[in-house]
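# A closer look at the structure
So the chains spell out like this:
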Amino acid sequence: MDRLGTTVRPYEWGSPTALPELMGTVPDGTPQAELWMGAHPAAPSLVERGGRPRPLDQVIAADPGGELGEATARRFGPRLPFLLKLLAAESPLSLQVHPDAAQAAAGYARENAAGIPVDAPHRTYRDAHHKPEMLVALSPFEGLCGFRPARECARLLDALEVEGLAAYAEVLRSRPEEDALREVFSAFLTSPAPDLVAEVTRALARVARSGGAWRRDCAAYAEAARVHPGDPGLLAALMVRQVRLAPGEALFLGAGVPHAYLRGLGVEVMAGSDNVLRCGLTTKHVDAAELLRVVRFAAGPAGVVRPEVLAGGEELYPAPVGDFRLSRLRPGTARAAYRLDGSGPQVLVCTGGRARLAGPRGELWLAPGQSAYVPAGEEVAVTGSGTVFRATVGREEAHRTDIAHIGNR
């Protein structure tokens, strides 16, 4: 069991205050977007081994069977298959989708064969892995996730009263749903007129001030337009439903589902991949042709997940993937201890109060924002007053499952 030395990622969309407030540190005026806890090679956490700090990815690579357990090492190779984060968004992130496992493997091989450097700005597939994600809200959290039903999209376009949207609204009303979503989304991605984007931006601001039924939705889109002026991805974003999470609720993001985080503080866990296909609201590369092969044109409820309380009191956020398993522990005064088995590697982060971790090699106390890595084979008891999120590896049968999203629970 090791306390993790972690890295804050200062992406421009990050909040300058949310993470410092959680961790009890002084804001420095810069955006603090994500605190990474894990072995991602771009910013691996540090653990103390041999009397000195060492990157966790190197520690795992040197002894994958010992650190991950033989079963996890066989399934995923010599790497930690998940990354845990604290995420603090103050302005909208890019609208994006992730590939499924087969698409990622094929795309990675294809771009390698074409000789595209892995770090090239126009590269789409950075590795051969899929990238499902789950975010649990620590504060009220807003995002976009999944397509609106086609006729609902049409009603929103009608409400904007922009002449250039009328033909798209008619397609959404008259065609079969999947065909309608595909045709309009494709048109918005590949042939948006700059004048139309500007007119829609003005209309969003007008409707947001109107007090009507679409006021709140249009206010969020108007903010995205303010942060990303003139971005054609704004039109595509109108087709993606808004979701608002209360603290403790989660959002699961599966393959092919368009999504974007807008605002809020949360705990995020994801498979260890960098494969992101951006639809818009970004200055980065947009590969529209590949994107349209990956997007799943299915409307449905956003993948909002509420925890299931297990027999031992652990609150599990179920996800249909094997790369990660995320749960919440709230020892409080009514529980003597949570006893966590050592069947696989674990990363634990405290988000409130103080938590005591006791294992065979000693104990650690975690304050908010502090985290620990527990290698396979070590059992840990969690006590104290703190709230702790636990990331570990999911079931092997779930590792073979790849679905777009799960519905409301």
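Chains are numbered independently. Their residues run from 1 in the order of the written sequence. In keeping with the model being predicted, local features are shown solely for residues with a pLDDT of at least 70 and side-chain atom pairs are shown and tallied solely at 80 or more, while totals for entire chains, interfaces and linings include all residues. Calculation of side-chain values draws on the structure's entire complement of heavy atoms; hydrogens and water are dropped beforehand.

Turning our attention to the packing of aromatic side chains. Two aromatic rings, drawn from Phe, Tyr or Trp (for Trp, its six-membered ring), form a pair once their centres lie within 6.5 Å of each other, and the interplanar angle then sorts them: stacked below 30 degrees, edge-to-face above 60, tilted otherwise. Applying the stated criterion to the full structure yields six aromatic pairs. An angle of 25° between the planes, with centres 5.5 Å apart, marks the rings of Phe-147 and Phe-297 as stacked. Taken together, the positions of Phe-147 in strand S9 (residues 141–147) and Phe-297 in the loop between helix H12 (288–294) and strand S14 (304–305) put the pair 150 residues apart, joining distant regions of the chain. Residue Phe-147 shares its accessibility class with Phe-297, and that shared class is buried. Lysine NZ or arginine CZ positioned within 6 Å of the ring centre and within 35 degrees of the ring normal marks a charge as sitting over the ring. Positioned over the ring face of Trp-36 is Arg-9, at 4.5 Å from the centre of the ring. Where helices and strands are cited, they refer to DSSP runs of H or I of at least four residues and of E of at least two residues respectively, numbered from the N terminus. Exposure categories follow from relative accessible area, calculated using a 1.4 Å probe and restricted to protein chains: below 20% of the type maximum is buried, above 50% is exposed, and the middle band is partly exposed.

Further remarks concern the sheet that holds strand S23 (residues 380–384). Across the sheet, four strands lie side by side as S18-S23-S20-S21; this open sheet has antiparallel pairing. Strand pairing shows two members of the sheet lacking a second neighbour, strand S18 (338–340) and strand S21 (362–366), which therefore form its edges. Taken over all neighbouring pairs, the strand axes of this sheet differ in orientation by 20° on average, direction set aside. If DSSP finds at least two bridges between two strands, the strands pair. Here five bridges tie strand S20 (residues 355–359) to S21, and the two strands are oriented antiparallel to one another. Residue Arg-356 lies in a different strand from S21, and its bridge partner there is Trp-365. Only the stretch in contact is used when fitting a helix axis, every axis being a line fitted to C-alpha atoms; angles between N-to-C directions are given from 0 to 180 degrees.

Attention now goes to the nonpolar core. Side chains of nonpolar character tend, in soluble globular proteins, to be buried together. Ranked by internal contacts, the top residues of the largest apolar core, which has 53 residues, are Leu-160, Leu-172, Phe-185 and Val-200. Considering every element that reaches this core, the biggest residue donor is helix H9 (residues 194–208), with seven residues. Residues are treated as being in contact if the distance between any of their heavy atoms lies within 4.5 Å. Excluding its chain neighbours within four sequence positions, the residues that come into contact with Phe-185 are Phe-147, Ala-236, Met-239, Cys-279, Leu-292, Val-295 and Phe-297. Remark: nonpolar core denotes a set of buried residues (Ala, Val, Leu, Ile, Met, Phe, Trp, Tyr, Cys) joined through side-chain atoms within 4.5 Å. Counting 36 residues, the second-largest nonpolar core is a separate cluster that includes Phe-76, Leu-80, Leu-265 and Val-269.

This part takes up the sheet that holds strand S15 (residues 308–309). Hydrogen bonds between backbone atoms are what pair the strands of a sheet, whose relative direction is either parallel or antiparallel. Across the sheet, which stays open at both edges, the seven strands sit in the order S1-S22-S19-S24-S17-S16-S15 with antiparallel pairing between neighbours. With one partner strand each, in any of the chains shown, strand S1 (2–3) and S15 form the two edges of the open sheet. Note that S15 and strand S16 (residues 315–317) share two bridges and pair antiparallel. Of the residues in S16, the one forming a bridge with Val-309 is Glu-315.

This part takes up the side chain of Arg-390. Note on placement: Arg-390 falls in strand S24 (residues 387–392). Its relative accessible area of 6% is what places Arg-390 among the buried residues. For the purposes of these results, a polar contact is taken to be a pair of N or O atoms within 3.5 Å, where, inside protein, one atom must be able to donate a hydrogen and its partner to accept one; residues adjacent in sequence count only when each atom of the pair is a side-chain atom. One polar contact links Arg-390 to Gln-346, side chain to side chain, over a distance of 2.6 Å. Once residues within four sequence positions are removed from consideration, Arg-390 is found in contact with Glu-314, Arg-325, Leu-326, Ser-327, Leu-340, Asp-341, Gln-346, Val-347 and Leu-348.

By the criterion of burial, S24 is predominantly enclosed, with six of the six residues buried. Because side chains alternate across S24, one face comprises the buried residues Thr-387, Phe-389 and Ala-391, and the other comprises Val-388, Arg-390 and Thr-392, equally buried.

Despite not being glycine, Glu-161 has its phi angle at roughly 55°, a positive value. Within the secondary structure layout, Glu-161 lies in the loop between helix H6 (150–160) and helix H7 (166–174). Non-glycine residue Leu-281 carries a positive phi angle of around 55°. Along the chain, the position of Leu-281 falls in the loop between strand S13 (277–280) and H12. Leu-281 sits in the buried class, given a relative accessible area of 2%.

The values reported here are purely geometric and, on their own, carry no functional implication.
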